[in-house]
Amino acid sequence: MKANFHTHTYRCHHATGTEREYIELCIKKGLKVLGFSDHTPYIFDNDYYSDYRMKPEETEEYLSTINKLKEEYKKDIDIYVGFETEYYPKLFDTYLKFINQFDYDYLLLGQHYTVNEYDGKHTYDSGNTEKDLNDYVNQVVEGVKTGVFSYICHPDMLVFDTKNPIWEVQMKKICKCAKENNMPIEFNFNGLIQDRFYPNDNFFKLVAEMGNDVIFGLDAHNLNLIDNIEFLEEKALKILGKYGIKPIDNIKLRNGKIV
């Protein structure tokens, strides 16, 4: 594994470690490319306060901090900076207007809620219904079609009975849309190390059938993930190897450049 584009910072309120610690450990582990993509600030249309993402007023400092480190470590590792972003339809235009004021490298589509964060449902909650599954898939598909994202984070995150035929029908919609839009799908190491519902074996069987590109994402919220990168990569390759999937290690940046 030479590249990781899914890395968080303390600004999201549920990650630990400094940017410098992440960078130096990644260099030690042999990574050549490191992308920071913390949970994006969002401009909500009421008094709702999100406690798991950076605040809008932290955006400029986040970017400037990482860009300074990018210059400092340029001989040792290529550093990029972006955001992990949900697609909330009624807020998305306002969001883009805000975020596009800044000079960032990429956006990752990480859908954590259906509908909206303050009036929807978290995808990892138990008891998701067919409507929740449908809402989630529709939002991911619509998000992909905006053309602003570099890849889909943990597309298999929503908890649902994978033996229910409707689950396969819906997941194929994500795979089909991603394939048509040349967008990679992430195999998520954070879910792997925590033994979560995702990355889901049955989902990646579908991914193989649909012919999607797959990219590894640490989804690092702490240094432990990077410390265990060799073990996690070996485990991931065994899972993907069953279906003949060979992961890629590059993405398209906001400016169209492939890195």
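Our subject is the structure listed above.
Reference entry: report on the structure contained in this document.

### A closer look at the overall build of the protein chain
Here is step 1: Along the backbone of the protein chain there are 9 helices and 7 strands.
Here is step 2: Compactness check: the protein chain gives a C-alpha radius of gyration of 17 Å against a globular reference of 18 Å for 259 residues, within 12% of the reference.
Here is step 3: In terms of principal-axis extent, the alpha carbons of the protein chain reach across some 50 × 45 × 30 Å.
Here is step 4: Relative to its 259 residues, the protein chain shows a buried fraction of 54%.
Here is step 5: Residue pairs at least 24 apart in sequence account for 78% of intrachain contacts in the protein chain once pairs closer than 6 positions are excluded.
Here is step 6: Put simply, the protein chain shows about 11,500 Å² of open surface, and 47% of that area lies on carbon and sulfur atoms.
Here is step 7: Positive and negative charge centroids in the protein chain, built from 31 and 42 side chains respectively, lie 5 Å apart.

### Quick look at the nonpolar core
Here is step 1: Core analysis: the largest hydrophobic core is formed by 83 residues, its most contacted members being Phe-5, Phe-83, Met-171, Phe-187 and Phe-189.
Here is step 2: When sequence neighbours within four positions are dropped, the list of residues in contact with Phe-187 reads Leu-192, Pro-199, Phe-204, Val-214, Ile-215, Phe-216, Gly-217, Ala-236, Ile-239 and Leu-240.

### Topic: helix 5 (residues 165-180)
Here is step 1: Along its 16 residues, helix 5 runs 23 Å from first to last C-alpha, staying within 8% of the 22 Å computed at 1.5 Å per residue.
Here is step 2: Buried-residue contacts for helix 5 involve helix 4 (130-145), strand 5 (151-152), strand 6 (185-188) and helix 7 (201-210).

### Considerations on the environment of Asn-190
Here is step 1: As for its placement among the helices and strands, Asn-190 is situated in helix 6 (residues 189-193).
Here is step 2: For the pair Asn-190 and Gly-217, spaced 27 residues apart in sequence, the C-alpha separation works out to 8.1 Å.
Here is step 3: If sequence neighbours within four positions are ignored, Asn-190 has contacts with Arg-196, Leu-218, Asp-219, His-221 and Leu-225.

### Thoughts on the side chain of Asp-135
Here is step 1: Summarising the element assignment, Asp-135 is placed in helix 4.
Here is step 2: Judged by relative accessible area, Asp-135 falls into the buried class, the value being 16%.
Here is step 3: If we ignore the near neighbours within four places in the chain, the residues touching Asp-135 are Thr-114 and Val-115.

### Observations regarding the state of the cysteines
Among covalent bonds in proteins, the disulfide is the one between the sulfur atoms of two cysteines.
Here is step 1: Tallied over the entire structure, the rule returns 0 disulfides.
Here is step 2: Cysteine Cys-26 is unpaired, with the sulfur of Cys-12 as its nearest cysteine sulfur at 16 Å.
Here is step 3: On the basis of relative accessibility, which here comes to 0%, the residue Cys-26 falls in the buried class.

### Description of the pairing of strand 4 (residues 106-109)
In summary, the side chains of a regular strand alternate between the two faces of the sheet.
Here is step 1: On strand 4, burial covers both faces: Tyr-106 and Leu-108 on one face and Leu-107 and Leu-109 on the other are all buried.
Here is step 2: In this sheet, strand 4 lies alongside strand 3 (residues 78-85) in parallel orientation, the contact comprising 4 bridges. By the bridge assignment, Thr-85 is partnered in strand 4 with Leu-109.
Here is step 3: Read as a crossover between parallel neighbours, the route from strand 3 over helix 3 (residues 89-99) to strand 4 is right-handed.
Here is step 4: Where strand 4 and strand 5 come together, 2 bridges link them in parallel fashion. Each residue of the ladder has a partner; that of Leu-108, found in strand 5, is Tyr-151.
Here is step 5: In this fold, strand 4 hands off to helix 4, which returns the chain to strand 5; that crossover is right-handed.

What counts as what
- Residues numbered from 1 in each chain as written.
- Predicted model: local features only at pLDDT ≥ 70, side-chain atom pairs only at ≥ 80, totals over all residues.
- Heavy atoms only, no water.
- Helix = DSSP H or I, 4+ residues; strand = E, 2+ residues; numbered from the N terminus.
- Rg over C-alpha atoms; globule rule 2.2 N^0.38 Å.
- Buried < 20%, exposed > 50% of the residue type's maximum accessible area, 1.4 Å probe, protein only.
- Contact = heavy atoms within 4.5 Å.
- Areas by Shrake-Rupley, 256 points an atom, 1.4 Å probe, with all protein chains shown as cover.
- Lys, Arg positive; Asp, Glu negative; His and termini not counted.
- Charge placed at Lys NZ, Arg CZ, Asp CG, Glu CD.
- Core = buried A, V, L, I, M, F, W, Y, C linked by side-chain atoms within 4.5 Å.
- Expected span 1.5 Å × (residues − 1).
- Disulfide = S-S within 2.5 Å.
- Pairing = 2+ DSSP bridges.
- Right-handed = clockwise from strand over helix to strand, strands pointing away.

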